[in-house]
Amino acid sequence: MPKHLPLSLLFLRLGVFIVFFFWTLDKFVNPDHAANVFAKFYALENLGITIVYLIGSLQIILIFSFVMGLFKKWTYGIILLLHAASTFVSFGLYLTPFDNLLFFAAWPMLAACIALFLMRDYDTLTLGKNNLPV
């Protein structure tokens, strides 16, 4: 294994975690905004604050398990699927790129999620079973 691969994967994981962490915090700090995002992009109308808080609570468990490198097949896979969904539901915004430049940041993050999932066995700087650095 290349010497710096585990450290590189850790940095990718931390970067993805930071984005997901603030998306998750948004569900608690500004649940109306999160509900509007669900309505606009996922056609989930009238979720209500309780449902947004529930989604946020589940997401907190997921993202902290992900950042610690626990249950890699599942957490990395779910993170990949969630981010892929958020990237592709925004597809219409990519058709007017200069009005929606910030949305293009989703593509390199999607690439990072794919790389993490595909190379999860080499991501050894984790708290997962038998993965503690020596």
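What comes next is a walk through the structure. All figures in this text were calculated on a predicted structure; none of them were measured in a lab.

### Quick notes on the layout of surface pockets
And then number 1: Approximately 860 Å³ is the volume found for the largest pocket.
And then number 2: Forming the boundary of the largest pocket are 28 residues, of which Trp-23, Lys-27, Val-37, Tyr-42 and Ser-86 lie nearest the centre.
And then number 3: Within the residue set of the lining of the largest pocket, elements represented by two or more residues are α1 (5–29), α2 (31–42), α3 (49–67), α4 (72–88) and α6 (106–118).
And then number 4: Of the residues contributing to the lining of the largest pocket, the split by class is 20 nonpolar, six polar and two charged.

### A closer look at the pattern of salt bridges
And then number 1: Inspection of every chain in the model, using the stated rule, returns one salt bridge.
And then number 2: One salt bridge connects Arg-13 with Asp-123, and the closest N-O pair in it is separated by 2.9 Å. Here the residue Arg-13 occupies a position in helix α1, and Asp-123 occupies one in the segment after α6, the gap between them amounting to 110 residues. When sorted by exposure, Arg-13 lands in the same class as Asp-123, which is buried.

### Focus: the packing of aromatic side chains
And then number 1: In this structure the tally under the stated criterion is 13 aromatic pairs.
And then number 2: Consider the rings of Phe-21 and Phe-22, whose centres lie 5.5 Å apart with planes at 85°: the pair is edge-to-face.
And then number 3: Classification of Phe-22 as exposed rests on a relative accessible area of 52%.
And then number 4: An angle of 70° between the planes, with centres 5.6 Å apart, marks the rings of Phe-88 and Trp-107 as edge-to-face.

### Quick word on the packing of α1 against α4
And then number 1: Contact pair α1 / α4: the axes reach a minimum separation of 12 Å and the direction vectors enclose 60°. Accordingly, the angle class assigned to the pair α1 and α4 is oblique. The hand of the α1/α4 crossing is left-handed. Within the contact between the two elements, α1 uses Arg-13, Val-16, Phe-20 and Trp-23 and α4 uses Tyr-76, Ile-79, Leu-82, His-83 and Ser-86.
And then number 2: Of the residues that constitute the contact of α1 with α4, the class distribution is six nonpolar, two polar and one charged.

### Concerning a nonpolar patch on the surface
And then number 1: On the surface, a nonpolar cluster with roughly 560 Å² of combined accessible area is contributed by Phe-88, Phe-98, Leu-101, Phe-104 and Trp-107.
And then number 2: As for its position among the elements, Phe-104 is in the loop between α5 (91–94) and α6.
And then number 3: Take Phe-104: its relative accessible area is 32%, and that puts it in the partly exposed class.

Analysis parameters
- Every chain is numbered independently, its residues counted from 1 as its sequence is written.
- With pLDDT at 70 or above as the cut-off, local features in this predicted model cover only qualifying residues; side-chain atom pairs require 80 or more to be listed or tallied, and sums for whole chains, interfaces and linings still use all residues.
- In computing side-chain values, all of the structure's heavy atoms are included and hydrogens and water are not.
- Residues are called lining when one of their atoms sits within 4 Å of a cavity or pocket point, these points coming from a 1 Å grid over the protein atoms alone, where a cavity is a set in which a 1.4 Å probe fits but cannot get out and a pocket is an open set with protein on both sides within 12 Å along at least five of seven lines.
- Grid points are joined across faces, edges and corners, and a volume is the space filled by probe spheres set on the points.
- Only runs of H or I of at least four residues qualify as helices and only runs of E of at least two qualify as strands under DSSP, and these elements are numbered from the N terminus.
- Put simply, Ala, Val, Leu, Ile, Met, Phe, Trp, Tyr, Cys and Pro go in the nonpolar bin, Asp, Glu, Lys and Arg in the charged bin, and everything else, Gly too, in the polar bin.
- When a carboxyl oxygen of Asp or Glu lies within 4 Å of a side-chain nitrogen of Lys or Arg, that pair is called a salt bridge.
- Exposure is judged per residue with a 1.4 Å probe applied to protein chains only, and the accessible area is read against the type maximum: over 50% gives exposed, under 20% gives buried, and values in between give partly exposed.
- Between 30 and 60 degrees the pair is tilted, below 30 it is stacked and above 60 it is edge-to-face, where a pair is any two Phe, Tyr or Trp rings, Trp via its six-membered ring, whose centres lie within 6.5 Å.
- What counts as an axis is a line fitted to C-alpha atoms, over the stretch in contact for a helix, and the angles between N-to-C directions run from 0 to 180 degrees.
- For this classification, under 35 degrees means roughly parallel, over 145 means roughly antiparallel, 65 to 115 means roughly perpendicular, and everything else is oblique.
- What makes a crossing left-handed is the near helix being turned counterclockwise from the far one by less than a right angle; a clockwise turn instead makes it right-handed.
- Pairs of residues are marked as contacts when any of their non-hydrogen atoms sit within 4.5 Å.
- Every patch collects residues that have over 30% relative accessible area and no salt bridge, joining them within 9 Å if they carry like charges and within 5 Å if they are nonpolar side chains (Val, Leu, Ile, Met, Phe, Trp, Tyr).
- Areas reported here follow the Shrake-Rupley algorithm with a probe of radius 1.4 Å; residue values treat only the protein chains shown as occluding.

In short, the description is geometric, and any link to function would need to be established separately.
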